[in-house]
Amino acid sequence: MTPAIVILLLGTSMSSNKLQDLYEEYRSTYPRPEPVETEFCEEVESLLDSEGLKSETYEMQIRRLHERCEQKIEAGLVAKAIGCSLSYARRFSYSNERGAFQKEWSKSTQNEKVSPGARTKIINRDGKTCLRCGLGDERELEVHHILPVSQGGTNEDSNLATLCSHCHEAAHDGSKTSGKTAYVEGNFYEWTQKAEIAPEERDLPLDTGQKRISDY
Ligand SMILES: [Zn+2]
């Protein structure tokens, strides 16, 4: 190959936006073509990789994806390409004026309920005990999203963990609905090792249906 052709080829690949082209192809076809979807996801992977965004938050990755494509990408495809939950992907939009942005946050869009079957499975996997304090009272056990739903966390097994009601609240830094965590991303299991309260030292309520306010 002559140097002139090499330069020409380089120029072509740099000016075209493969991700954008793939998305155009994807959304203009019904039913959605699976090979294009796969290629799109691979392209996103390499884009994030080349820009050092793989370890960044879902938010940054989603914004970059919309901006690279210069349009709003279907939430289903965003969720697949990024690996976040569908409800989280739905929170983002794109406009020429604003670029990628987050839509109004509403409680209804963050719903990512753990099914009763999944709940049982996770609790059994974790030995029917709270991973933080070791409490084994099944009535007290809850399933926690390690990366909160509000930050794009999914219902995949790897993102779920068994905690008692008390530790669940602690994991969310005092409020289960806050969307915050008491640990930094990736440090959940380390955090569970730092439990200061042994279960026997706590006063457990006799009626678990009763709201306990004095605990936290
Ligand atoms: Zn606990």
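Since the structure is predicted, the reported quantities are computational estimates derived from the model, not experimental observations.

How would you summarise the overall build of the protein if you had to cite specific residues and measurements?
Regarding its fold elements, the protein presents 9 helices and 4 strands. For the protein, with 216 residues in total, the buried portion stands at 39%. Accessible surface, the protein: about 12,600 Å² in total, of which carbon and sulfur atoms supply 51%.

If you had to explain the pairing of strand β1 (residues 92–95) to someone new, which residues and values would you point to?
Alternating positions in β1 separate into two faces, Phe 92 and Tyr 94 on one and Ser 93 and Ser 95 on the other, with burial throughout. Two elements, β1 and strand β2 (residues 99–102), share 4 bridges in a ladder whose sense is antiparallel. In the strand pairing of β2, Phe 92 is matched with Gln 102.

Before we move on, can you summarise the pattern of salt bridges with the specific residues and values?
Throughout the structure, instances matching the rule amount to 13 salt bridges. Between Glu 39 and Lys 18 there is a salt bridge whose closest N-O contact spans 3.5 Å. Linking Glu 39 in helix α3 (residues 34–50) with Lys 18 in helix α2 (residues 18–27), this pair joins segments that are 21 residues apart in sequence. Residue Arg 64 pairs with Glu 51 through a salt bridge whose shortest N-O separation is 2.6 Å. With Arg 64 in helix α4 (residues 58–69) and Glu 51 in the loop between α3 and α4, this residue pair connects regions lying 13 residues apart in the sequence. Beyond isolated ion pairs, a larger network of salt bridges with shared partners links Lys 18, Glu 39 and Glu 43.

A description of the nonpolar core should follow, citing residues and the corresponding values.
If you look at the biggest cluster of nonpolar residues, it comprises 25 residues, and the most contacted ones within it are Phe 40, Val 44, Leu 65, Ile 73 and Ile 82. Mapped onto this core, the elements with two or more residues apiece are α2, α3, α4, α5 (75–82) and α6 (86–89). Discounting residues that sit within four places of it in the chain, Val 44 has contacts with Leu 19, Leu 65, Ala 81 and Ile 82. Ranked by size, the runner-up nonpolar core spans 17 residues in total, among them Ile 123, Leu 135, Cys 167 and Tyr 183.

Describe the packing of α3 against α4, naming the residues involved and giving the relevant values.
One way to put it is that α3 packs onto α4 with a least axis distance of 11 Å and a crossing angle of 110°. Looking at the two axes, α3 sits roughly perpendicular to α4. As α3 runs across α4, the sense of the crossing is right-handed. Between α3 and α4, the residues in contact are Phe 40, Val 44, Leu 47 and Leu 48 and Gln 61, Arg 64, Leu 65, Arg 68 and Cys 69, respectively.

Give me α5: which residues, what numbers.
Where burial is concerned, most of α5 is hidden: 6 out of the 8 residues are buried. The complete set of buried residues in α5 reads Ala 75, Leu 77, Val 78, Ala 79, Ala 81 and Ile 82. Tucked inside the fold, the buried residues of α5 contact α2, α3, α4 and α6. Just downstream of α5 lies Gly 83, where phi reads positive at about 95°.

Quick one: what's the story with the packing of aromatic side chains, residue by residue and with numbers?
According to the stated counting rule, one finds 7 aromatic pairs in the structure shown. Where Tyr 23 meets Tyr 26, the ring centres are 6.1 Å apart and the plane angle is 25°; that geometry is what we call stacked. Of this pair, Tyr 23 and Tyr 26 both sit in helix α2, 3 residues apart, roughly one helical turn. Of the residues examined, Tyr 23 reaches a relative accessible area of 2% and is grouped as buried. Pairing Tyr 183 with Phe 188 gives two aromatic rings, centres 5.2 Å apart and planes at 65°, and the pair type is edge-to-face. Residue class for Tyr 183 comes out buried when judged on its relative accessible area of 8%. Judged by its relative accessible area of 1%, Phe 188 falls in the buried class. Through successive ring pairs, a cluster of aromatic residues spans Tyr 183, Phe 188, Tyr 189 and Trp 191.

An account of the side chain of Ser 93 is requested, with residue identities and associated values reported.
Among the structural elements, Ser 93 can be located in strand β1. Taking the relative accessible area as the measure of exposure, Ser 93 reaches 12% and is therefore buried. Those residues in contact with Ser 93, other than ones at most four positions away along the chain, are His 66, Lys 72, Gly 99, Ala 100, Phe 101 and Lys 103.

Rules and cut-offs
- Residues numbered from 1 in each chain as written.
- Predicted model: local features only at pLDDT ≥ 70, side-chain atom pairs only at ≥ 80, totals over all residues.
- Heavy atoms only, no water.
- Helix = DSSP H or I, 4+ residues; strand = E, 2+ residues; numbered from the N terminus.
- Buried < 20%, exposed > 50% of the residue type's maximum accessible area, 1.4 Å probe, protein only.
- Areas by Shrake-Rupley, 256 points an atom, 1.4 Å probe, with all protein chains shown as cover.
- Pairing = 2+ DSSP bridges.
- Salt bridge = Lys/Arg side-chain N within 4 Å of Asp/Glu carboxyl O.
- Core = buried A, V, L, I, M, F, W, Y, C linked by side-chain atoms within 4.5 Å.
- Contact = heavy atoms within 4.5 Å.
- Axes fitted to C-alpha atoms, helices over the stretch in contact; angles between N-to-C directions.
- Parallel < 35°, antiparallel > 145°, perpendicular 65-115°, else oblique.
- Left-handed = near helix turned anticlockwise from the far one by under 90°.
- Phe/Tyr/Trp six-rings, centres within 6.5 Å; stacked < 30°, edge-to-face > 60°.

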